[in-house]
Amino acid sequence: MEKVKAKKQYGQNFLKDTTILDKIIQSMPMNNNYVVEIGPGLGDLTKNLVKYKDLTAYEVDTDLIGILKSKFAIEIEEGKLKLIHTDVLEAWDKQKSLHDGKYDLIANLPYYIATNIILRAFEDVSCEHIIVMVQKEVAEKFTATVNDKEYSSLGIITELISIDSKILFDVPPESFDPPPKVTSSILYIKKDMSKNFDKDFNKFLKACFIQPRKKLSKNLTSLLSKDCISEIYKELNVDDNVRPHEVSSSLYSQMYTKVKNGRN
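Thresholds applied
- Residues numbered from 1 in each chain as written.
- Predicted model: local features only at pLDDT ≥ 70, side-chain atom pairs only at ≥ 80, totals over all residues.
- Heavy atoms only, no water.
- Helix = DSSP H or I, 4+ residues; strand = E, 2+ residues; numbered from the N terminus.
- Buried < 20%, exposed > 50% of the residue type's maximum accessible area, 1.4 Å probe, protein only.
- Contact = heavy atoms within 4.5 Å.
- Phe/Tyr/Trp six-rings, centres within 6.5 Å; stacked < 30°, edge-to-face > 60°.
- Arc of directions from axis to C-beta.
- Salt bridge = Lys/Arg side-chain N within 4 Å of Asp/Glu carboxyl O.
- Axes fitted to C-alpha atoms, helices over the stretch in contact; angles between N-to-C directions.
- Parallel < 35°, antiparallel > 145°, perpendicular 65-115°, else oblique.
- Left-handed = near helix turned anticlockwise from the far one by under 90°.
- Nonpolar A, V, L, I, M, F, W, Y, C, P; charged D, E, K, R; others polar.
- Polar contact = N/O pair within 3.5 Å; in protein donor to acceptor, adjacent residues only side chain to side chain.
- Right-handed = clockwise from strand over helix to strand, strands pointing away.
- Pairing = 2+ DSSP bridges.

A. Region of interest: the side chain of serine 217. The topology assignment puts serine 217 in helix 10 (residues 216–220). On the basis of relative accessible area, serine 217 is assigned to the buried category, the value being 11%. With residues near it in sequence (within four places) discarded, serine 217 still touches Ile229, Tyr233 and Asp240.

Structural data, given as structure tokens:
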């Protein structure tokens with residue numbers, strides 16, 4: 001292994017377990033989509049990905065860029081790998097999509113920005129499949145459904161924008177160098193490409209869950225008057241005592257539509 005110290009500011013934990021790397025590759029969809037990797041680190045997953053697909057890898061760490069350019073000099077020269085030295089969130093701000101055509105995001109994500117990256121991938125109209133390693137508790141939030149303990153805005157958005165979402169398998173801390181303090185999971189999401197991510201709906205859901213143990217109507221007062229809330233509840237036959245985790249994704253969608261129309 002290269003003598004590189006993982007940097008906390010970039011949330012680096014280098015995945016070294018070859019069994020886990022093989023399982024990620026086996027999870028790849030059988031399609032003609034391009035591949036985008038975020039945070040390739042020392043290139044252990046990249047080395048496996050580039051055997052099967054051309055890809056672009058985004059890396060923010062200057063030290064790692066040098067190692068990756070050396071390790072994959074042939075693949076870069078042959079055009080199989082495009083290495084981009086930048087913060088991927090900044091790249092999204094500038095170009096809206098990480099690839100011109102349809103692509104799959106396959107990556108061991110830095111924990112500290114994993115949620116933001118997945119939400120940006122939802123927003124990216126070119127991204128179809130998301131196969132990413134994240135903290136297990138984050139993966140559980142994205143796959144949670146109504147009445148689950150982990151149910152939140154993330155699960156609602158995922159359910160509404162995807163055809164399929166699930167946790168493929170867990171990854172123990174000892175699979176990494178250095179080992180993190182938490183268990184990780186491989187999260188799989190197949191987006192419904194006919195649906196668009198609505199950032200305003202995401203803001204609405206965040207307000208609904210701002211105090212998850214309170215009544216939903218209490219949380220909604222940050223957005224609407226009590227009279228407006230009562231009117232929406234009556235029209236949709238919603239119990240006034242309902243808590244945020246007890247409302248289905250489809251009902252949240254209906255509520256949001258009424259809120260949006262009421263403001264127009």
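B. Main features of the packing of aromatic side chains. Per the stated rule, a full pass over the model turns up seven aromatic pairs. Centroid distance tyrosine 151 to phenylalanine 209: 6.1 Å. Interplanar angle 80 degrees. Geometry classified as edge-to-face. Residue tyrosine 151 is located in the loop between helix 7 (136–143) and helix 8 (153–161), and its partner phenylalanine 209 is located in the loop between helix 9 (199–208) and helix 10; the two are separated by 58 residues in the primary sequence. For the pair shown, tyrosine 151 and phenylalanine 209 are each scored as buried.

C. Spotlight on helix 7. Regarding helix 7, the residues found buried are Val138, Ala139 and Phe142. The arc enclosing the buried residues of helix 7, seen along the axis, measures out at 100 degrees, which places them on a common side. If you follow the buried residues of helix 7, they end up packed against helix 6 (114–123), strand 6 (127–135), helix 8, strand 7 (162–171) and strand 9 (184–191).

D. The arrangement of the pattern of salt bridges in detail. Taken as a whole and judged by the stated rule, the model has nine salt bridges. Here aspartate 164 makes a salt bridge to lysine 166, at a shortest N to O gap of 3.5 Å. Taking the relative accessible area as the measure of exposure, lysine 166 reaches 38% and is therefore partly exposed. A salt bridge links lysine 258 to glutamate 235; the nearest nitrogen and oxygen atoms lie 2.9 Å apart. Placement of lysine 258 in helix 12 (residues 249–263) and of glutamate 235 in helix 11 (residues 226–236) is noted, with a sequence separation of 23 residues between them. Here lysine 258 falls in the partly exposed class, since its relative accessible area comes to 31%. When its relative accessible area of 47% is taken as the criterion, glutamate 235 is described as partly exposed. Residues joined by salt bridges that share partners form a network here, namely Asp93, Arg120, Glu123 and Lys199.

E. Summary view of the packing of helix 6 against helix 8. Relative to each other, helix 6 and helix 8 sit at 25 degrees, their axes nearing to 12 Å. In this view, helix 6 runs roughly parallel relative to helix 8, as classed from their interaxial angle. Note on packing geometry: the crossing formed by helix 6 with helix 8 is left-handed. Contact residues: Thr115, Leu119 and Phe122 in helix 6; Leu154, Ile157, Thr158 and Ile161 in helix 8. Each residue belonging to the contact of helix 6 with helix 8 can be placed in one class, and the counts come to five nonpolar, two polar and no charged.

F. Quick peek at the side chain of asparagine 219. Looking at the secondary structure, you find asparagine 219 in helix 10. A polar contact of 2.6 Å, which involves the side chain of asparagine 219, links it to the backbone oxygen of cysteine 208.

G. Just the pairing of strand 6, in detail. Burial analysis of strand 6 places nine of its nine residues in the buried class, which makes it a mostly covered element. Once the chain exits strand 5 (residues 103–108) it traverses helix 6 before rejoining the sheet at strand 6, and the crossover so formed is right-handed. Alignment of strand 6 against strand 9, held across seven bridges, turns out to be antiparallel. When the bridges of strand 9 are listed, isoleucine 131 appears paired with tyrosine 188.

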